[in-house]
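Okay, here's what each chain looks like letter by letter:
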Amino acid sequence: IGMGRSFLADPMWPKKAAEGREADIRKCISCLRCIDSIKAEQPICCSINPKCGKEMEDNTLTQDGDGRLCVVVGGGVAGMECARILSLRGFRVCLYEKNKHLGGQVWLAGQAPNQGKMLWIVEYLAGQLKKQSVDICLEYDISPEEILRTQPYLVVDATGASPYFPDTIEGIHSSLVTTPVEVLSGTCKLENRSVVMLGTGLTALETAEYLMERGNLLTIIGQSDQIAPGGGSRVVVGEILRRLQMQNAVVLTGRKTTKIGEDRIWYENVHTGEQYTLPCDKVVLCKGVRPNGGLGEALAGKHPNVKVIGDASKCSRILEAVRAGYLVGKEA
């Protein structure tokens, strides 16, 4: 048997397997961030193991929680990892999530075709939180006032981010527009329709593949000349593109969307200025996300120990979110 990435995700994989502790194994999600770090001649890293590549640092968890209450708001991977570490230190942790499931953006990504492994980190963290008796409140949008009444030692804002609507596009709030969140969560159901995807990032490509499986005709439009310019393993991006092309998806780069109407969009070639009109049934806006972070701002000055982590602080990828949760849990 040969394993490589599995040991980066969890060096104790063999011991846990031998002891029958499958639920305690942190399984590799095949995001290939480790491979990208090697190709970039950077220190090895792992999206889901915050200690990978940092083994020479002091990773000792000080046992000083003494049952003091910590409130974590947001059940994405940043909030879950933070809650896990705080609990291991002996704090009493309450985690609040406004949706009916944990995982945040990673859970959404796991709904896309061929991305089911993304859910492994969500399942692992959820299992660890249950094992450590973390109090999890789903479908609960807790207010700053409620938090302050509990008098917690620490408040962690891990409320994530929301889709970005650029005002530079006329008609951006048209009823024609939806988002990957609405599509992947099933709020907006699209089948056998003509759909335009605005954006060529990894989220856009994964959402496009989800829509293609449901018989939709896809046109993917991006302003950059590159595909997934903001990140994502080149291997992963290449595989998704290959599958999209096999299903006859149209990918147009170097195109800037200027206007969205009731049944069509207008866009132009960024190099030549040529303008085009494209009729469609729906537009999926995938122009990135913007941090929520409002909870942290609302509590600023009212509570002495507030931390903002993950996408609520700065939009990034899984590695940065998990690492931020780990560090705040370890150092708070």
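Residues numbered from 1 in each chain as written. Predicted model: local features only at pLDDT ≥ 70, side-chain atom pairs only at ≥ 80, totals over all residues. Heavy atoms only, no water.

Draft legend 1. Summary view of the overall build of the chain. Along the backbone of the chain there are twelve helices and 15 strands. Taken over C-alpha atoms, the radius of gyration comes to 21 Å for the chain, in line with the 20 Å a tight globule of 332 residues would show. C-alpha extents for the chain along the principal axes are approximately 65 × 55 × 35 Å. Buried residues in the chain amount to 48% of all 332 residues. Taking the intrachain contacts of the chain between residues at least 6 apart in sequence as the baseline, contacts between residues at least 24 apart amount to 68%. For the chain, the distance from the average site of its 39 positive side-chain charges to the average site of its 38 negative ones is 3 Å. (Helix = DSSP H or I, 4+ residues; strand = E, 2+ residues; numbered from the N terminus. Rg over C-alpha atoms; globule rule 2.2 N^0.38 Å. Buried < 20%, exposed > 50% of the residue type's maximum accessible area, 1.4 Å probe, protein only. Contact = heavy atoms within 4.5 Å. Lys, Arg positive; Asp, Glu negative; His and termini not counted. Charge placed at Lys NZ, Arg CZ, Asp CG, Glu CD.)

Draft legend 2. Spotlight on the nonpolar core. Counting residues in hydrophobic clusters, the biggest one holds 37 residues, and the most contacted among them are Leu86, Leu95 and Ile121. Of all the secondary-structure elements, those providing two or more residues to this core are strand S1 (69-73), helix H4 (77-88), strand S2 (92-97), helix H5 (104-109), helix H6 (118-131), strand S4 (154-157) and helix H12 (318-331). In this structure, Leu86 is in contact with Cys70, Val72, Phe91, Val93, Leu154, Gly329 and Ala332, ignoring residues within four places of it in sequence. Leu32, Leu184, Met197 and Leu241 belong to the second largest nonpolar core, which has 26 residues in total. (Core = buried A, V, L, I, M, F, W, Y, C linked by side-chain atoms within 4.5 Å.)

Draft legend 3. Just the pattern of salt bridges, in detail. Tallied over the full model, the rule gives 14 salt bridges. Of the charged contacts in the structure, one is a salt bridge between Arg33 and Glu320, with a shortest N-O distance of 2.6 Å. Of this pair, Arg33 sits in helix H3 (residues 33-39) while Glu320 sits in helix H12, placing them 287 residues apart in sequence. Looking at Arg33, the relative accessible area reads 15%, which means it is buried. Note on Glu320: relative accessible area 29%, which makes it partly exposed. (Salt bridge = Lys/Arg side-chain N within 4 Å of Asp/Glu carboxyl O.)

Draft legend 4. Summary view of the sheet that holds strand S10 (residues 255-260). One open sheet accounts for three strands, arranged S10-S11-S12; its pairing is antiparallel. Every other strand in the sheet has two partners, leaving S10 and strand S12 (275-279) as the edge strands with one partner each. Here the strands of the sheet are splayed against their neighbours by 30° on average, with no regard to which way each runs. (Pairing = 2+ DSSP bridges. Axes fitted to C-alpha atoms, helices over the stretch in contact; angles between N-to-C directions.)

Draft legend 5. Here's a closer look at the sheet that holds strand S15 (residues 306-308). The five strands are arranged S3-S2-S1-S4-S15 in an open sheet whose pairing can be described as parallel. Either end of the sheet is taken by a strand with one partner, and the two such strands are strand S3 (135-138) and S15. Here the average twist between neighbouring strands, direction ignored, is 15°. Pairing of S4 with S15 involves three bridges; the strand directions are parallel. Each residue of the ladder has a partner; that of Val155, found in S15, is Val306.

Draft legend 6. The arrangement of the environment of Glu209 in detail. Note on placement: Glu209 falls in helix H9 (residues 202-212). Counting along the chain gives 75 residues from Glu209 to Val134, while the straight-line C-alpha distance between them is 36 Å. Apart from the residues within four sequence positions on either side, Glu209 is in contact with Pro113, Asn114, Ile240, Arg243 and Leu244.

Draft legend 7. Structural detail: the packing of aromatic side chains. Summed over all chains, the structure comprises three aromatic pairs. An angle of 55° between the planes, with centres 5.5 Å apart, marks the rings of Tyr96 and Tyr140 as tilted. Pair noted here: Tyr96 is in strand S2 and Tyr140 is in the loop between S3 and helix H7 (144-149), with a separation of 44 residues, a long-range link. For Tyr96, a relative accessible area of 12% gives the class buried. The class for Tyr140 is partly exposed, based on a relative accessible area of 35%. Here Tyr267 and Tyr276 contribute two aromatic rings whose centre-to-centre distance is 5.2 Å and whose plane-to-plane angle is 25°, an arrangement assigned as stacked. Here the basic side chain of Lys259 rests over the ring of Trp266, its NZ or CZ set 4.7 Å away from the ring centre. (Phe/Tyr/Trp six-rings, centres within 6.5 Å; stacked < 30°, edge-to-face > 60°. Lys NZ or Arg CZ within 6 Å of the ring centre and 35° of its normal.)

Draft legend 8. Structural detail: a nonpolar patch on the surface. Where nonpolar side chains cluster on the molecular surface, the patch consists of Ile1, Met3 and Phe7 and spans about 360 Å² of accessible area. Examined against the element boundaries, Met3 turns out to sit in the segment before helix H1 (5-9). By relative accessible area, Met3 is classed as partly exposed at 32%. (Patch = residues over 30% accessible without salt bridge, like charges linked within 9 Å, V, L, I, M, F, W, Y side chains within 5 Å. Areas by Shrake-Rupley, 256 points an atom, 1.4 Å probe, with all protein chains shown as cover.)

That is the geometry; function is a separate question.
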